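A look at the structure
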Amino acid sequence: MKYAIFGDIHANLEAFEAVLEHAEQQGCTEHVCTGDIVGYAANPGECLAKVRELGCPVVKGNHDEEAILTTSLDGLNPLAKQAMEWTREHLNPEEQDFLRNLKLVRQVRDFTIVHATLDTPGSWTYVTNKFDAMASFSYQFTQLCFYGHTHTPRIYIKGDSVEPIEETTVNLEMGRKYFINVGSAGQPRDGDWRASYAIYDVEEQTVSIQRIDYDIQKAQDKIIAAGLPEMLAHRLSLGK
Ligand code: ZN
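This report concerns the structure included in the present document.

What counts, and where the lines are drawn
Residues numbered from 1 in each chain as written. Predicted model: local features only at pLDDT ≥ 70, side-chain atom pairs only at ≥ 80, totals over all residues. Heavy atoms only, no water. Helix = DSSP H or I, 4+ residues; strand = E, 2+ residues; numbered from the N terminus. Phe/Tyr/Trp six-rings, centres within 6.5 Å; stacked < 30°, edge-to-face > 60°. Buried < 20%, exposed > 50% of the residue type's maximum accessible area, 1.4 Å probe, protein only. Lys NZ or Arg CZ within 6 Å of the ring centre and 35° of its normal. Axes fitted to C-alpha atoms, helices over the stretch in contact; angles between N-to-C directions. Parallel < 35°, antiparallel > 145°, perpendicular 65-115°, else oblique. Left-handed = near helix turned anticlockwise from the far one by under 90°. Contact = heavy atoms within 4.5 Å. Nonpolar A, V, L, I, M, F, W, Y, C, P; charged D, E, K, R; others polar. Pairing = 2+ DSSP bridges. Salt bridge = Lys/Arg side-chain N within 4 Å of Asp/Glu carboxyl O. Donors = N, O, S within 2.8 Å, 3.2 Å for Na, K, Ca; no water. Core = buried A, V, L, I, M, F, W, Y, C linked by side-chain atoms within 4.5 Å.

Thoughts on unusual backbone geometry
For W124, which is not glycine, the phi torsion reads 60° and is therefore positive. Among the structural elements, W124 can be located in the loop between β4 (111-114) and α6 (130-137). One non-glycine residue, Q205, adopts positive backbone phi at about 55°. When you line up the elements, Q205 lands in the loop between β10 (195-201) and β11 (206-212).

What follows is the structure, given as structure tokens:
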């Protein structure tokens, strides 16, 4: 059995569809979403519908939460603020209810999923180094946990110490724990514009990060046509 684990879709339907198609070709039959389905790009409703169609486990991301609040967006940077105002206007009450009811942390089979961190999942802080990863490992009760939020794929391993690895594939070993950032499907920020997600092969006990080409031009055209900030289209090509 193979799981496709994706998140930070951020309303980029072209990237999300490419991920799902690639996952199917790789033999993935199960799907899991690490949150931030909406925000930034032009298809929040369509991406939500696709996730719901899959009927897969989902956790809430900070943009999913922000999209259902009515509070002021003054704390956000101007780009994020404009995108979030647009997103709020383009979600119907039923879609908002779905986002509202998402949990912050879930266990799926023998692994855990969370959007940001396991130590303070609702504070939306970032795991950017091994010390941040160590804090999450203290609250990780399964061998394997998948997360997102930084839009940068990364595999942290806890053996005698906690270290990230450079490789994009890992063989799971007994006695070790794994905290794995699946990267962003819809808005990668590691300098590589291609959609990112992870495959967990249960029989082989491997996890691998995948990078997928998609119709980026189409996604960019939609962002501009929707009246969203042009910079949001431009940054997709930069992968940041
Ligand atoms: Zn995000």
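Additional details are given in the paragraphs that follow.
A word on the packing of aromatic side chains
With the rule as written, the count across this model stands at nine aromatic pairs. Ring plane angle 45° and centroid distance 6.2 Å describe the contact between F146 and Y200, whose orientation is recorded as tilted. Here F146, found in strand β5 (residues 144-147), pairs with Y200, found in strand β10; they are 54 residues apart in sequence, far enough to count as distant. The pair F146 / Y200 is uniform in exposure class, with both members buried. Each ring, one from Y147 and one from F179, has its centre 3.9 Å from the other, and the planes form 5°; the classification is stacked. Highlighted residues: Y147 in strand β5 and F179 in strand β9 (residues 177-181), separated in sequence by 32 residues. Y147 gets classed as buried once you look at its relative accessible area, which sits at 0%. By relative accessible area, F179 is classed as buried at 0%. One residue, R235, lies across the ring of Y40, its end atom 5.5 Å from the ring centre.

Some points on the packing of helix α7 (residues 216-225) against helix α8 (residues 230-238)
The interhelical angle for the contact between α7 and α8, taken along N-to-C directions, is 165°, at an axis separation of 8 Å. Classified by the angle between their axes, α7 and α8 sit roughly antiparallel to one another. For the pair α7 and α8, the sense of crossing is right-handed. Contacts from I216, A219, Q220, I223 and I224 in α7 reach E230, L232, A233, H234, L236 and S237 in α8. Grouping the amino acids of the contact of α7 with α8 by side-chain chemistry returns seven nonpolar, three polar and one charged.

Topic: the sheet that holds β5
The strand order β3-β4-β5-β9-β6-β7 describes an open sheet built from six strands, whose pairing is mixed. The open sheet is flanked by β3 (105-108) and β7 (162-165), the only strands paired with a single partner. With strand direction ignored, the average angle separating the axes of adjacent strands in the sheet is 20°. In the packing of α6 onto the sheet, contacts are made with β6 (154-158), β7 and β9, and the angle to β7 comes to roughly 120°.

Quick word on the pattern of salt bridges
Under the counting rule described, the total for this entry stands at eleven salt bridges. For D110, the salt bridge goes to R109, with nearest N and O atoms at 3.3 Å. One connected set of salt bridges, linked through shared partners, spans D190, D192, R194 and R211.

Quick look at the coordination of the zinc ion
Protein ligation of the zinc ion involves D8 (OD), H10 (NE2), D36 (OD) and H151 (NE2), the donor distances falling in the range 2.1 to 2.4 Å. We note that the donor set of the zinc ion lies within a single chain, spaced as D-x1-H-x25-D-x114-H. Separated by 143 residues along the polypeptide, D8 in the loop between β1 (2-6) and α1 (13-25) and H151 in the loop between β5 and β6 bring together distant segments of the chain. The class for H151 is buried, based on a relative accessible area of 1%.

So, the nonpolar core
Soluble globular proteins: nonpolar side chains tend toward being buried together. Counting residues in each nonpolar core, the largest one holds 46 residues, and the members touching the most others are F6, I9, I37, L99, Y197 and Y214. Among the secondary structure elements, those contributing two or more residues to this core are β1, α1, α2 (44-54), α4 (78-89), β10, α7 and α8. At seven residues, the largest contribution of residues to this core is made by α1. In this view, I9 contacts F16, C33, G35, D36, I37, C47, V51, A185 and G186; residues no more than four positions away in its chain are not counted. V32, I113, Y178 and A198 belong to the second largest nonpolar core, which has 21 residues in total.

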